[in-house]
Amino acid sequence: MTIAMRSAMALQGCRTTSIYCRLACPAGKRMKPENRVYFSSHEEARASGYRACKVCKPDGQDVEPETFFVSSYDSPLGTYTLVSSHMGVICMEPAEEAGTCLIRWKRDGICLQRGGGYNSALAREIDAYFAGKLRQFTVPLDLRGTVFQLQVWEVLCSIPYGVTRSYREVAQALGNPKATRAVGQAIGSNPVSIVVPCHRVIGSDGRLTGYGGGLNRKKALLNLEAAALPSVAV
Ligand SMILES: [Zn+2]
């Protein structure tokens, strides 16, 4: 809801209880007309010594709670949890790791709904990816992070299929070659595995180093991409 709409919202208060309500509050209907007063804002109500009704919460935010769509996806590398919003894919994580996110979102008031959103579109692309037939994902992403994290994840998305980069190369691409440690942390917090290809970042000595989904998964993804690339005739 915009600020303009909020400021136009009228509120009612009850003289005997000193509680103020939204006009549509069910608790407010019991108010006797002679006790009813009106306010144009909750600031005005509070300044008059009224406190907010616990039923209609007139001081609360007017935005609708956001809905995230949650699905399970069975891949050759185990079950993943897919999560998307109305805007795009929010998260793709091994099911055993997604639980903490789901609990956090629920606590933050996000409405979790089974299926829907971009989950089927994502599942179709992941199917094609595991079949070796897809190299570039087109499903929209709704990545949420700090400015730095978003920059790092954008660099990850620019690493071509079947190619690896070192943490230092990613830091260099950001114009900050000394930031390998921060880059490593941002890569580790990538919410959409496989699609945002953090598995393509390895140690400068060629070792696989860490991976949120486990090194076996990282190795399998790199092997899959190497095998799907057409062999060049010598
Ligand atoms: Zn109320």
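Conventions and cut-offs
Residues numbered from 1 in each chain as written. Predicted model: local features only at pLDDT ≥ 70, side-chain atom pairs only at ≥ 80, totals over all residues. Pairing = 2+ DSSP bridges. Helix = DSSP H or I, 4+ residues; strand = E, 2+ residues; numbered from the N terminus. Axes fitted to C-alpha atoms, helices over the stretch in contact; angles between N-to-C directions. Contact = placed C-beta atoms within 7 Å. Core = buried A, V, L, I, M, F, W, Y, C linked by C-beta atoms within 7 Å. Buried ≥ 20, exposed ≤ 12 C-beta atoms within 10 Å, placed from the backbone. Domains from an automatic or database assignment. Arc of directions from axis to C-beta. pLDDT = per-residue confidence, 0-100.

Draft legend 1. Spotlight on the sheet that holds strand E8 (residues 111-114). On the basis of which strands lie adjacent, the open sheet formed by four strands has the order E7-E6-E5-E8 and mixed pairing. Of all the strands in the sheet, just strand E7 (89-94) and E8 have a single pairing partner and so form its edges. Neighbour-to-neighbour, the strand axes of the sheet open up by a mean angle of 25°, direction not taken into account. Summarising the sheet, strand E5 (residues 67-75) and strand E6 (residues 78-84) pair through seven bridges and their orientation is antiparallel. Following the sheet pairing, Ser72 is matched in E6 by Thr81. Packed on one face of the sheet, helix H3 (residues 95-107) meets E5, E6, E7 and E8 and runs near 140° to E7.

Draft legend 2. Layout of the sheet that holds strand E3 (residues 36-39). If you trace the four strands from one edge of the open sheet to the other, you get E3-E1-E2-E4, paired in mixed fashion. Sheet topology places E3 and strand E4 (51-52) at the edges, where each strand pairs with a single neighbour. Two strands pair when backbone bridges link them, and strand E2 (residues 19-22) and E4 are joined in this way by two bridges, in the parallel orientation. Along E4, the bridge assignment pairs Tyr20 with Ala52.

Draft legend 3. A look at the nonpolar core. Of all hydrophobic cores here, the largest spans 33 residues; its most connected members are Val89, Met92, Val152, Leu156 and Val195. Of all the secondary structure elements, the ones that give two or more residues to this core are E5, E6, E7, helix H4 (119-130), helix H5 (147-157), helix H6 (167-173) and helix H7 (180-188). Taken together, domain 2 (67-130) and domain 3 (147-228) each give at least three residues to this core, which thus spans both. The next biggest cluster of nonpolar side chains, apart from the first, holds nine residues, and it includes Leu11, Ile19, Cys21 and Cys56.

Draft legend 4. Molecular detail of the pairing of E6. In terms of residue burial, E6 counts as a mostly covered element, since five of its seven residues are buried. If you look at the hairpin formed by E5 and E6, you'll find two residues sitting between the two strands. Where E6 folds back onto E7 in an antiparallel hairpin, the turn is made up of four residues.

Draft legend 5. Examining the domain arrangement of the chain more closely. Each assigned domain of the chain is listed here: domain 1 (3-52), domain 2 (67-130) and domain 3 (147-228). The distance between the C-alpha centroids of domain 1 and domain 2 comes to 41 Å.

Draft legend 6. Representation of H5. Along H5, the positions that sit buried rather than exposed are Val152, Trp153, Val155 and Leu156. Down the axis of H5, the buried set is contained in an arc of 155°. They therefore lie on one face. Across from the buried face of H5, at angles greater than 90 degrees, the exposed residues are Val147 and Leu150. On its buried face, H5 is in contact with H6, H7 and strand E10 (201-202).

Draft legend 7. The arrangement of the confidence of the model for the chain in detail. Chain-level statistics for the chain give a pLDDT mean of 88 and a share of 93% at 70 or above. For the chain, per-element mean pLDDT is lowest for helix H1 (residues 3-8), which scores 35, and highest for H4, which scores 98.

Draft legend 8. Representation of unusual backbone geometry in the model. Phi is positive for Ile194, close to 70°, though the residue is something other than glycine. Its location among the elements puts Ile194 in the loop between H7 and E10. Residue classification places Ile194 among the buried residues on the basis of 22 C-beta atoms within 10 Å. In this structure, Thr209 is a non-glycine residue whose phi angle is positive, near 50°. Tracing the backbone through its elements, the reader meets Thr209 in the loop between E10 and helix H8 (215-228). Assessed through the 16 C-beta atoms surrounding it within 10 Å, Thr209 is described here as partly exposed.

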